[in-house]
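Secondary and tertiary structure notes
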Amino acid sequence: MSAFLRPADADEPPLTLPPDQSAYRPVSSHLAIAPPVSVVIPAMNEAENLPYVFKTLPDWIHEVVLVDGNSTDDTVRVARELWPGVTVVPQRGRGKGDALISGFAACTGEIIVMVDADGSADGAEIVSYVSALVSGADFAKGSRFANGGGTDDMTAIRKLGNRVLTSVVNAKFGARYTDLCYGYNAFWRHCLDEIALDCAGFEVETLMNIRVVKAGLRVQEIPSHEYNRIHGVSNLRAVRDGLRVLKVILQERGTRKNRPVRPAMITGEAR
């Protein structure tokens, strides 16, 4: 976990690296990193949204891995036009969890970032996730309900359900989350060995959030703003998916013993 980090200063000149540190990637005027960053994007029929998604991705990332869920539109062609070096992984199974697991397996970077393909996530926030990781966190978890976060895409019933499920996970597993069902996360690749993902559906995000706590990994919440899907219709169903998340929570509570939990490094109080 190598990193070069100095406090931000509005008056300081842009960061310049000495020749012997040419392997470092300038991320901002005050941060450069050595670890390569992979971005995983699961997508199915998202050709219209990909231009917005790719436009926000920073140019310093190491690779983009797009997992194509058997799209019938031009998703793959558009991705290759927008990011010529994109790695396209054909999804053999079904579900978001299956897509993410396939994408993670194809990554070559030390840091992995999960980004949805519907345009709801701002790729410019990736720098905050990476900064948290190179500063000591194992898992950087996006939160729409930490100070500085927000959402344009949640109904009242979904907000209530998310709040209830978050409270259950906090009570049962000793977490301190302000948000549970959110898919914008980043982590060191070695975390995959600790959490052993085996979930094919949308509830994979909850499973990850539970297992990183059970594994005793350091978690830092990152305030994130979720925007509305730009084109198309979401497959999320509040009641159906809420019950699937609850099932995962109950299954995890009844299986592995928790390791000693490290306090989550929350970046702000819940709103």
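Residues numbered from 1 in each chain as written. Predicted model: local features only at pLDDT ≥ 70, side-chain atom pairs only at ≥ 80, totals over all residues. Heavy atoms only, no water.

1. A few points about unusual backbone geometry
Of note in the backbone geometry, asparagine 45 takes a positive phi value of approximately 55 degrees without being a glycine. The class of asparagine 45 is partly exposed, set by a relative accessible area of 35%. The backbone of alanine 196 sits at a positive phi, close to 40 degrees, despite the residue not being glycine. The topology assignment puts alanine 196 in the loop between helix H6 (191-195) and helix H7 (204-214). (Buried < 20%, exposed > 50% of the residue type's maximum accessible area, 1.4 Å probe, protein only. Helix = DSSP H or I, 4+ residues; strand = E, 2+ residues; numbered from the N terminus.)

2. Overview of the sheet that holds strand S6 (residues 87-90)
The seven strands are arranged S6-S5-S4-S7-S10-S8-S11 in an open sheet whose pairing can be described as mixed. In this open sheet, the two strands that pair with only one neighbour each are S6 and strand S11 (219-223). On average, adjacent strands in this sheet sit at an angle of 20 degrees to one another, irrespective of strand direction. Inspection of the sheet shows strand S8 (residues 139-143) paired to S11 by five bridges, in the parallel sense. Across the sheet, serine 143 pairs through a bridge with proline 223, a residue of S11. Packed onto the sheet, helix H2 (residues 75-82) meets strand S4 (37-43), strand S5 (63-68) and S6 and runs at close to 175 degrees relative to S5. (Pairing = 2+ DSSP bridges. Axes fitted to C-alpha atoms, helices over the stretch in contact; angles between N-to-C directions. Contact = heavy atoms within 4.5 Å.)

3. Describing H2
What H2 keeps buried is the set Thr75, Val78 and Ala79. Along the axis of H2, the buried positions cluster into a sector of 100 degrees, meaning they face one direction only. Buried residues along H2 sit against S4, helix H1 (50-56) and S5. (Arc of directions from axis to C-beta.)

4. Some remarks on the environment of threonine 178
Within the element layout of this structure, threonine 178 appears in the loop between helix H5 (156-173) and strand S10 (185-188). When the C-alpha atoms of threonine 178 and arginine 163 are compared, they prove to be 7.9 Å apart, with 15 residues separating the residues in sequence. There is a polar contact of 2.5 Å between the side chain of threonine 178 and the side chain of serine 143. Among the polar contacts listed, one links the side chain of threonine 178 to the side chain of glutamate 221, at a separation of 2.7 Å. (Polar contact = N/O pair within 3.5 Å; in protein donor to acceptor, adjacent residues only side chain to side chain.)

5. Quick notes on the pattern of salt bridges
Tallied over the full model, the rule gives eleven salt bridges. A network of salt bridges, in which partner residues are shared, links Asp198, Arg211, Lys214 and Glu252. (Salt bridge = Lys/Arg side-chain N within 4 Å of Asp/Glu carboxyl O.)

6. A look at the confidence of the model for the protein chain
Of all residues in the protein chain, 82% have pLDDT values of 70 or greater, and the mean over the chain is 85. When the criterion is pLDDT under 50, residues 260-271 qualifies, and its contacts beyond four places in sequence or with other chains add up to 35 contacts. (pLDDT = per-residue confidence, 0-100.)

7. What to know about the side chain of aspartate 118
Position of aspartate 118 among the secondary structure elements: in the loop between strand S7 (111-114) and helix H4 (126-134). Here aspartate 118 sits buried without a salt bridge, and the closest side chain of opposite charge, arginine 229, lies 4.1 Å off (N-O distance). A polar contact is formed between the side chain of aspartate 118 and the side chain of serine 120, at a distance of 2.7 Å. Setting aside residues up to four positions removed in sequence, aspartate 118 forms contacts with Glu46, Asn49, Val53, Arg229 and Ile230. (Lys, Arg positive; Asp, Glu negative; His and termini not counted.)

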